[in-house]
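Next come the chains, spelled out residue by residue.
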Amino acid sequence: MTSTGSEPPELPERPEFPAPQQPGAPGAQQGGPAPEWGWVRPQAVLQTVETEPLEYHRLLRGVANYRWWKPLLLLLLSAVYFGIFTVIISIAFVPILMTDPAYLEGIVSGEGDVLDTQVPVSVLLSLVSIIIMIPSVILAMLTLGMRPTGRIWSVAGRIRWGLLGRVSLAALLAVIVMNVAGIALEIAMDPASLMETAETSSSGADFDWTAAWTSLILVVLLVPLQATAEEVVFRGLFMQVLGSWLKSPWFGIIIPSVGFALAHIYDIWGLLAVGALGLVAGWVTWRTGGLEAAIAIHIVNNLIAFGFMTFAVGGETAQVEATGGPGSFIGSLVGYALFIWLVLRIFRKHGYGRSRIDLVQVPVTEPALAGGAPMTGGGAPQGPQQHG
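If you're wondering where the values come from, they're calculated on a predicted model, not measured in any experiment. (Residues numbered from 1 in each chain as written. Predicted model: local features only at pLDDT ≥ 70, side-chain atom pairs only at ≥ 80, totals over all residues. Heavy atoms only, no water.)

## Side note on the overall build of the protein
What the protein contains, in helices and strands, is 12 helices and five strands. Sorting the 388 residues of the protein into buried and exposed places 43% on the buried side. Partitioning the intrachain contacts of the protein with sequence separation of at least 6 by distance along the chain shows that 81% fall at a separation of at least 24. Working note: accessible area of the protein is about 21,300 Å², and carbon and sulfur atoms make up 66% of it. (Helix = DSSP H or I, 4+ residues; strand = E, 2+ residues; numbered from the N terminus. Buried < 20%, exposed > 50% of the residue type's maximum accessible area, 1.4 Å probe, protein only. Contact = heavy atoms within 4.5 Å. Areas by Shrake-Rupley, 256 points an atom, 1.4 Å probe, with all protein chains shown as cover.)

Written out as structure tokens, the structure is:
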């Protein structure tokens, strides 16, 4: 018998969900995981936890959503921003450089001095080209969401101005001792050097006093920022990037110090002195939990060095390779030893912290869920605690 009616329309196929199975039924999965579908998978649950106490060189590990590659990206992005700012500064300075064609021609030909205090525009350009490292690093941290950006200054998330003021007095005393001891040792080792310095002093007929005073004003205004910028990069950025991967602080102290020394044009004794400054600045940064002591010794050292150069106290008004001999280097070691001793006394007396605890978010583990651990789904709050 054949059917005379029409065939019923075909319905669209629907996904077949597995039917619930009774325990003990044939084919039932005993103790197996329940089926999981992508569109109904629950969102990962996070909980807010405290980091371990982080010393200065480890502070990047306290940023929200830390990953091992983020410090490297911070380094690269800082370099990109620095390059952009350098191009902007170079373009902005073209009209200013045109006011001194002789200096511009010397720089283009490679025969002139990049930094000469008898040419104030060279002082301005040289210092500003370094100062832009500060906004480069801060802007890179903001771009990557590494907040608070104040962690680049200290474990307190800011500059500790009281500490900076106290260690600045210590730095002044140390640099005075350093220069007095260095000059005395140089004279003792080579008495003829005193006569050579006197013959090339600022009493020469070609010395331009107007240029010297103009350069001095620029030095007083800009050297504190220039020295701070170098500390932000060499004792801040580099130390924290290395410290995010390597727990020992010595990697972040020694490696940037070598780079800091090689960034200068001095002879062997000058490079050793700069390297010693880098080591001392790196160690006190780690030991005090911030850049304040390093900034203080760097600023005072540069102010006095630029002051000597401005008035040709050492016989030169430009930055040159020869910066002294073994006597000057030994004198610098004496001054740095005094500075370290004074900084430690100040730090212990006033009880500043040298570590920081951040609040970060991590996925909740099953035992934590079972125990009713506190949970939150918002952004990681930053609630630092300083520890001595």
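So, next bit.
## Some words on the packing of aromatic side chains
Scanning all chains against the criterion turns up eight aromatic pairs. The interplanar angle of 75° and the centroid separation of 4.9 Å between the aromatic rings of F207 and W209 together place this pair among those described as edge-to-face. Using a relative accessible area of 13% as the deciding quantity, one classes F207 as buried. Considering the side-chain rings of W209 and F311, the 5.9 Å spacing of their centres and the 35° angle between planes classify their relative orientation as tilted. (Phe/Tyr/Trp six-rings, centres within 6.5 Å; stacked < 30°, edge-to-face > 60°.)

## Points about the side chain of E230
Here E230 shows up in helix α7 (residues 209-245). This buried residue, E230, is left without a salt bridge; R235 holds the nearest opposite charge, at 6.0 Å. Setting aside residues up to four positions removed in sequence, E230 forms contacts with I130, M133, R235, F260 and H298. (Lys, Arg positive; Asp, Glu negative; His and termini not counted. Salt bridge = Lys/Arg side-chain N within 4 Å of Asp/Glu carboxyl O.)

## Comments concerning unusual backbone geometry
R147 connects to P148 through a cis peptide bond whose omega is -5°. Even without a glycine there, the phi angle at N65 is positive, about 55°. Within the element layout of this structure, N65 appears in the loop between β2 (54-55) and α1 (70-97). One non-glycine residue, A312, lies in positive phi territory at about 55°.

## A closer look at the UniProt feature "transmembrane region" (unreviewed entry) in the protein
Mapped onto this structure's residue numbering, the UniProt feature "transmembrane region" (unreviewed entry) falls at residues 72-98, 118-142, 163-189, 209-229, 241-262, 268-286, 293-315 and 327-347. Here residues 241-262 is 86% helix and 0% strand, with 19 Å between the C-alpha atoms at its ends. Secondary structure content for residues 268-286 is 100% helix and 0% strand, and the end C-alpha separation is 27 Å. (UniProt positions renumbered as here; feature names shortened; annotations may be inferred.)

## As for the pattern of salt bridges
Opposite charge on two side chains makes pairing possible when the charged atoms of those side chains draw close. Tallied over the full model, the rule gives five salt bridges. For E55, the salt bridge goes to R354, with nearest N and O atoms at 3.5 Å. Placement of the pair is E55 in strand β2 and R354 in the loop between α11 (326-350) and β3 (355-357), with a sequence separation of 299 residues. When its relative accessible area of 17% is taken as the criterion, R354 is described as buried. In this structure, D358 engages R151 in a salt bridge whose closest nitrogen and oxygen atoms are separated by 3.1 Å. Within this pair, whereas D358 is found in the loop between β3 and β4 (359-363), its partner R151 is found in the loop between α4 (133-143) and α5 (161-189), the two being separated by 207 residues in sequence. Take D358 and R151: they sit in the same class, and that class is buried.

## Points about α11
The terminal C-alpha atoms of α11, which comprises 25 residues, lie 37 Å apart, in line with the 36 Å expected from a rise of 1.5 Å per residue. Taken together, the buried positions of α11 are G327, F329, G331, S332, G335, Y336, F339, L342, V343, L344, I346 and F347. Elements in contact with the buried residues of α11: α5, α9 (268-288) and α10 (292-310). Immediately downstream of α11, the backbone of G351 shows phi near 65°, a positive value. (Expected span 1.5 Å × (residues − 1).)

## Comments concerning the confidence of the model for the protein
Interpretation of the predicted coordinates at a detailed level should be avoided for regions scoring low in pLDDT. Here the protein averages 85 in pLDDT, and 79% of its residues register 70 or above. Looking at the elements of the protein, mean pLDDT is at its lowest for helix α12 (residues 366-370), recorded as 58, and at its highest for α4, recorded as 98. Residue range residues 1-12 is modelled with pLDDT below 50. Its contacts to residues more than four positions away, or to other chains, number zero contacts. In this model residues 375-382 is a low-confidence stretch, pLDDT under 50, and it forms 25 contacts with partners more than four residues away in sequence or in other chains. (pLDDT = per-residue confidence, 0-100.)

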